[in-house]
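# Examination of the molecular architecture
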Amino acid sequence: MNSKLTCCFNYHTLTIPEELRRWKIPQEEIEQELRSLAADHASDQPVEDAIQNGDSVRCECLHCSDPAWQGRAILLYPGQKLPGAEQAEAAVLGKKAGDVFSCTVGAAEMELTVLEALRRVEPKIGPELMWILNIPGVETVEDFSRWYHQQHDPERRQKACFGVVGYWMKETAERSEFSVDPQEEKDWCLLRGRMMFQSLLAGGIDPRIPEEGFEILTDEQAVEKLAKEQQPRFRPFLLYRYLCHEDGFEVTEEEYLKALEQAASQQGLTLEEAKQKSDLSLYQEMKYQEHVFYALSTEAEKELEA
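Here's a quick rundown of the structure.

## So, the nonpolar core
Val165, Trp168, Met169, Val292 and Leu296 are the most contacted members of the largest nonpolar core, which has 42 residues in total. At the level of secondary structure, the elements contributing two or more residues to this core comprise helix H5 (141-175), helix H6 (182-202), helix H7 (219-230), helix H8 (234-246), helix H9 (253-267) and helix H11 (280-301). For this core, the element with the most residues is H5, which contributes eight residues. For Trp168, the residues in contact, after removing those within four places along its chain, are Tyr11, Leu14, Ile16, Leu296, Glu299, Ala300 and Glu303. With 19 residues, the next largest nonpolar core counts Ile51, Cys61, Ile74 and Ala108 among its residues.

Shown next, in the form of structure tokens:
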């Protein structure tokens with residue numbers, strides 16, 4: 001390529017924003033997870049005391065101004081305020097199984113008897129919930145907290161590292177100097193525009209339909225629009241390529257074809273069919289960025305909160 005980075009900004013001079021340095025899982029998150037798990041494992045249990053809002057109540061109609069309701073089951077959900085059942089929901093509050101009460105459902109006046117009531121009960125956050133979760137080695141809330149950190153801390157640290165590297169790369173791409181061949185940049189963007197155009201169509205999305213107005217775009221106009229959206233990625237691509245070259249990392253066509261052949265086999269495509277959906281520069285862009293982010297992660301980790 002003729003386009004290249006000519007003067008690389010020294011990202012080491014940057015001060016990392018405090019929010020990017022934070023990665024530790026707050027205790028509030030673990031407590032919220034426990035509450036969510038308790039709610040997920042709640043069960044409906046028979047109500048032995050007085051019926052209250054949130055219960056589910058099954059009644060039988062003993063008498064009704066509308067004979068069609070006679071003997072039928074009536075379900076009430078106190079507190080839900082379902083249209084037509086508001087008065088009945090209020091009337092059943094405080095009742096128990098076997099109680100008889102009068103109410104109005106819709107336009108019908110009824111006398112109902114409570115057959116049963118169920119209440120959604122969550123397991124207590126403690127040994128009871130831990131027993132239900134059945135996580136090896138986890139018997140107490142403290143055990144769960146340690147287990148949660150073991151499960152999520154590595155991912156959170158890695159994500160935070162990538163956040164710092166992303167910040168470095170964004171600032172470096174904006175502050176570095178480049179020598180850009182306009183035609184080369186245009187061709188680079190057009191290639192991605194065409195690939196994206198075909199990909200969107202295959203996914204059932206028509207990029208020719210305008211976001212505003214009613215005039216349908218031609219294929220060429222749609223590709224050009226998508227290509228223009230790719231332009232902000234060109235200089236970062238040159239940056240990633242530069243850093244990889246400095247690091248002695250290269251992406252060869254042989255490596256690309258080998259990866260493409262493997263992908264084609266997994267997707268049930270021939271190599272020629274796979275080539276129509278990909279390109280060496282697309283593969284290079286992905287591998288260059290991947291290498292840079294992982295290569296700088298160790299350095300970025302030093303910037304995270306202790």
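## Regarding the packing of H8 against H11
With their axes 9 Å apart at the nearest point, H8 and H11 run at an angle of 60° to one another. Classified by chirality, the crossing of H11 by H8 is left-handed. Packed against H8, whose contacting residues are Phe237, Tyr240, Arg241, Leu243 and Cys244, the element H11 presents Ser281, Gln284, Glu285, Tyr288, Gln289, His291, Val292 and Phe293 at the interface. Of the residues contributing to the contact of H8 with H11, the split by class is seven nonpolar, four polar and two charged.

## Description of the packing of aromatic side chains
Taken as a whole and assessed by the stated rule, the structure comprises ten aromatic pairs. On the numbers, 6.0 Å between centres and 35° between planes, the contact of Phe144 with Tyr148 is tilted. Of this pair, Phe144 and Tyr148 are both found in helix H5, four residues apart, which corresponds to roughly one turn of the helix. In this pair, the class of Phe144 matches that of Tyr148, namely buried. Seen from their ring centres, Phe162 and Phe293 are 5.8 Å apart, and the 70° between their planes marks the pair as edge-to-face. Taken as a pair, Phe162 in helix H5 and Phe293 in helix H11 lie far apart in primary sequence, 131 residues in all. With relative accessibility at 23%, the residue Phe162 sits in the partly exposed group. You can call Phe293 buried: its relative accessible area is 15%. A network of ring pairs unites the aromatic residues Phe162, Tyr240, Phe293 and Tyr294 as a single cluster. The residue whose ring lies beneath Arg157 is Trp23, and the NZ or CZ to ring-centre distance is 4.6 Å. Here Arg192 stacks its cationic end above the ring of Trp188, 3.5 Å away from the centre of that ring.

The rules behind each value
- Each chain carries its own residue numbering, running from 1 in the direction its sequence is written.
- Note on the predicted model: pLDDT of at least 70 is required for a residue's local features to be given, and 80 or more for side-chain atom pairs to be given and counted; whole-chain, interface and lining totals, by contrast, use all residues.
- Side-chain measures were taken over the full set of non-hydrogen atoms in the model, leaving aside hydrogen atoms and water.
- Note on terminology: a nonpolar core comprises buried Ala, Val, Leu, Ile, Met, Phe, Trp, Tyr and Cys residues joined through side-chain atoms within 4.5 Å.
- Only protein chains enter the accessibility calculation, which uses a 1.4 Å probe; a residue is then buried when its area is under 20% of its type maximum, exposed when over 50%, and partly exposed in between.
- The secondary structure listing takes helices from DSSP runs of H or I that are at least 4 residues long and strands from runs of E that are at least 2 residues long, numbered from the N terminus.
- Residues are treated as being in contact if the distance between any of their heavy atoms lies within 4.5 Å.
- Orientation is described by axes fitted as lines to C-alpha atoms, over the contacting stretch for helices, and by angles from 0 to 180 degrees between their N-to-C directions.
- Rotating anticlockwise by less than a right angle from the far helix to the near helix defines a left-handed crossing, while the corresponding clockwise rotation defines a right-handed one.
- Classification convention: Asp, Glu, Lys, Arg as charged; Ala, Val, Leu, Ile, Met, Phe, Trp, Tyr, Cys, Pro as nonpolar; all other residues, Gly among them, as polar.
- Think of it this way: a Phe, Tyr or Trp ring, Trp meaning its six-membered ring, pairs with another when their centres are within 6.5 Å, and the plane angle makes it stacked under 30 degrees, edge-to-face over 60, tilted otherwise.
- Both a distance and an angle decide whether a charge sits over a ring: NZ of Lys or CZ of Arg must be within 6 Å of the ring centre and within 35 degrees of the ring normal.

The values are spatial; any link to function lies outside them.
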